[in-house]
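Structural features, examined
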Amino acid sequence: MAYNCRATINLSMAHFDPEDSCNILISYGGRTYHLKAGSELERQQWLTALEVARAKALRMMRTLSGNRELQSMLTGDDSGDEEVPTHSDKGELQNTLSILSGKLDDLNTCNDLISKHGAALQRSLSELESLKIPVESGEKLKAVNERATLFRITSNAMINACRDFLDLAEVHSRKWQKVLQYEQEQRARLEETIEQLAKQHNSLERACRGGPSSFQSDNLSKGAKGENSDEDEDTEYFDAMEDSSFITVITNPKDSRAATGGNEASTVEAWNAEDHVNFNEPLSMLQRLTEDLEYHELLDKAVKCENSTEQMCFVAAFSVSSYSTTVNRIAKPFNPMLGETYELDQMEEMGLRSLCEQVSHHPPAAAHHVLSKNGWSLWQEITISSKFRGKHLSIMPLGAIHLEFEASGNHYIWRKSTSTVHNIIVGKLWIDQTGDIEIINHKTKDKCLLKFTPYSYFSKDYNRKVTGVVTDSKEKAHYVLSGSWDEKMECAKIIQSSHSSSSTEGKQKMVYQTLPAKLLWKKYPLPENAENMYYFSELALILNEPEEGVAPTDSRWRPDQRLMENGQWDEANAEKQRLEEKQRIIHRKRLEESGQDQLEEGKETDLHTPLWFEKKVDPFTGEKAYVYKGGYWEAKEQQNWSMCPNIF
């Protein structure tokens, strides 16, 4: 693991990324190396070999570090190559072991004294027994002798138990030391990476301020928070850098952007993920919304339920199943163009028809309607709000989801939970789901409260845990739900409920006695080679398949998305910029026709009228929301798309 030579790379801190079909990008300590392989197969072989070598190097480093620390801890020798046990936790551990060792020495001394005095006592008692004394006194002396023997045996057992305890503590201390050492290494690696990022940010900031395009960069910064900005005023940012290029990664693309020019401005734009398809997956947000229907058979089963509380269990499982595809999906979908649509006509295969339309661009909002031949319909309007909190990005879908069963008239409403993307700045991206989902049957007043447990390093629960209870209108519990949002959900019928005894905090918990749990939903296994296909599910793989007869505004016709799917990255980036510029021109034209200089917050719908959805007041929530007004499937049957705008 020595890496003093200038040409040597520390594998434990290096990052390997495929740059294109033949190139490999290696990042280490602020330096970047570009390697070129002879073919795509050779590039993949090199990447595999490098990852295996890094894993072996990490294991070797942890083993050697753990052995050195353990030896230093036991011998008191601090003359190792690395700094050992200056950490407060390690010092406390060593101090505890020293105290235990001292106490054991004291116990050993006491044991020797007890053995010495006990043996003397037994000899004295034996001498007394040999004397001619009355029979009654002899029996008492014999009883005292037996008690002295038992006392010595007990003291020996106590000493042995203490010795076993110390041995066990020493064995476990090795594990503790290795864990602490690993955390120390992770912290050092993180500090080094953050330092490099800070240096890069400072150099970018100096280049922007010192170059000829500094005025344009300032305009970008002002545009992000100026009075003409379309950004949501309620959006909060914590520990974020002031440079707008970092902020626009997690906010919505602006309709008005300052023109950019010069190498410095191009360098700043390279940090803006919204401008490049390299950060996307080849699906649009409308197609991701359609993926919620992957486990539609849960609703088909719910139609056949005999009572509403049992039906609620299947509805709850369906609401959880929509998150199962997100566990490995860290790439963002394409932002739909205003007026873009997506249909999924699977009446024969899946027994349903689905239609989505992008009804607003600021704020971005999509309307969705599903009709099933099995007796249920679903509709929703989803608006995405996000908050950047320095280390993670919180994505909060706003809007209610409606589900109605035709035969029973049961009408369910719920809202999505919060999705959190971790390690935005440093480390491997990963996604977690947090918060509560309350599902209400507005006909029977049944309720189900689902709790998504956030990930915790110290939690004893399994990861991605979801729990819930189904109650009726009188708040009587009928079912307990449990599982995980990335794997399965189960339900158990409650046969008895009671309150537990009060805890130290004075709170009581409900104790449910249930029947054995039954499986409601289980995630389908991913297709073979899914890790090389954006971890798409079976349904996601067919969503962008070309299909004749769909509307010209359908996501399948989007050129930049199709180019990216075909591996034409440069052409896809250029096409994406063309589409965004076209959308901005259309937006400015609408403003001019309306006589407005700028768009007021939330007024975009006054300039754009969706084709297939109309805004109405929701009688259940009291909110205005887009609902399907009809006409799409009739237009498809007649192949009359004359009303569709040219958005691509």
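Residues numbered from 1 in each chain as written. Predicted model: local features only at pLDDT ≥ 70, side-chain atom pairs only at ≥ 80, totals over all residues. Heavy atoms only, no water.

1. A look at the overall build of the protein
For the protein, the helix and strand inventory stands at 13 helices and 22 strands. In the protein, which comprises 648 residues, the share counted as buried stands at 42%. (Helix = DSSP H or I, 4+ residues; strand = E, 2+ residues; numbered from the N terminus. Buried < 20%, exposed > 50% of the residue type's maximum accessible area, 1.4 Å probe, protein only.)

2. Let's talk about the confidence of the model for the protein
With 79% of its residues at a pLDDT of 70 or more, the protein has an overall mean of 78. Here helix 5 (residues 244–247) stands out as the least confident element of the protein, with mean pLDDT 28; strand 12 (residues 411–414) is the most confident, with 97. Overall, residues 73–87 carries pLDDT values under 50, and its contacts beyond four positions in sequence, including any with other chains, amount to 16 contacts. Overall, residues 212–274 carries pLDDT values under 50, and its contacts beyond four positions in sequence, including any with other chains, amount to 98 contacts. (pLDDT = per-residue confidence, 0-100. Contact = heavy atoms within 4.5 Å.)

3. A closer look at the nonpolar core
Residues Leu403, Trp414, Ile439, Leu450 and Leu481 are the most contacted members of the largest nonpolar core, which totals 52 residues. If sequence neighbours within four positions are ignored, Leu450 has contacts with Ala316, Ser319, Val320, Gly435, Asp436, Ile437, Ile439, Val466, Thr467, Gly468 and Leu481. One finds Val359, Ala367, Trp633 and Trp641 within the second-largest nonpolar core, a separate group that totals 13 residues. (Core = buried A, V, L, I, M, F, W, Y, C linked by side-chain atoms within 4.5 Å.)

4. A word on the pairing of strand 4 (residues 280–284)
In terms of burial, strand 4 is largely enclosed, as five of its five residues are buried. Along strand 4, one buried face is formed by Asn280, Pro282 and Ser284 and the opposite face, lined by Glu281 and Leu283, is buried too. Two elements, strand 4 and strand 5 (residues 332–334), share two bridges in a ladder whose sense is parallel. If you follow Asn280 over to strand 5, its bridge partner there is Lys332. (Pairing = 2+ DSSP bridges.)

5. What about the pairing of strand 14 (residues 430–441)?
Pairing analysis gives two bridges linking strand 12 to strand 14, with the strands arranged antiparallel. Note that in strand 14 the partner of Tyr412 across the bridge is Asn441. Summarising the sheet, strand 13 (residues 418–422) and strand 14 pair through five bridges and their orientation is antiparallel. Residue pairing in the sheet places Thr418 in a bridge with Thr434 of strand 14. Pairing analysis gives six bridges linking strand 14 to strand 15 (residues 447–452), with the strands arranged antiparallel. Counted as the bridge partner of Gly435 is Phe452 from strand 15. In textbook terms, the turn of a hairpin is the stretch between consecutive antiparallel strands, and for strand 14 and strand 15 this stretch comprises five residues, one of which, Lys445, has a positive phi near 70°.

6. Digging into unusual backbone geometry
Here His362 and Pro363 are connected by a cis peptide whose omega angle stands at 0°. Notably, Tyr535 is not glycine yet its phi reads approximately 60°, a positive angle. Within the element layout of this structure, Tyr535 appears in the loop between strand 20 (518–522) and helix 10 (538–543).

7. Describing the packing of aromatic side chains
Scanning all chains against the criterion turns up 11 aromatic pairs. Centre to centre, the rings of Phe405 and Tyr412 are 5.8 Å apart; their planes meet at 90°, and the pair counts as edge-to-face. You'll find Phe405 and Tyr412 in the same group, each marked buried. Through a chain of ring-to-ring contacts, the aromatic side chains of Trp612, Tyr632, Trp633 and Trp641 assemble into a single cluster. When the ring centre of Tyr323 is taken as reference, the NZ or CZ atom of Lys416 above it lies at 5.3 Å. (Phe/Tyr/Trp six-rings, centres within 6.5 Å; stacked < 30°, edge-to-face > 60°. Lys NZ or Arg CZ within 6 Å of the ring centre and 35° of its normal.)

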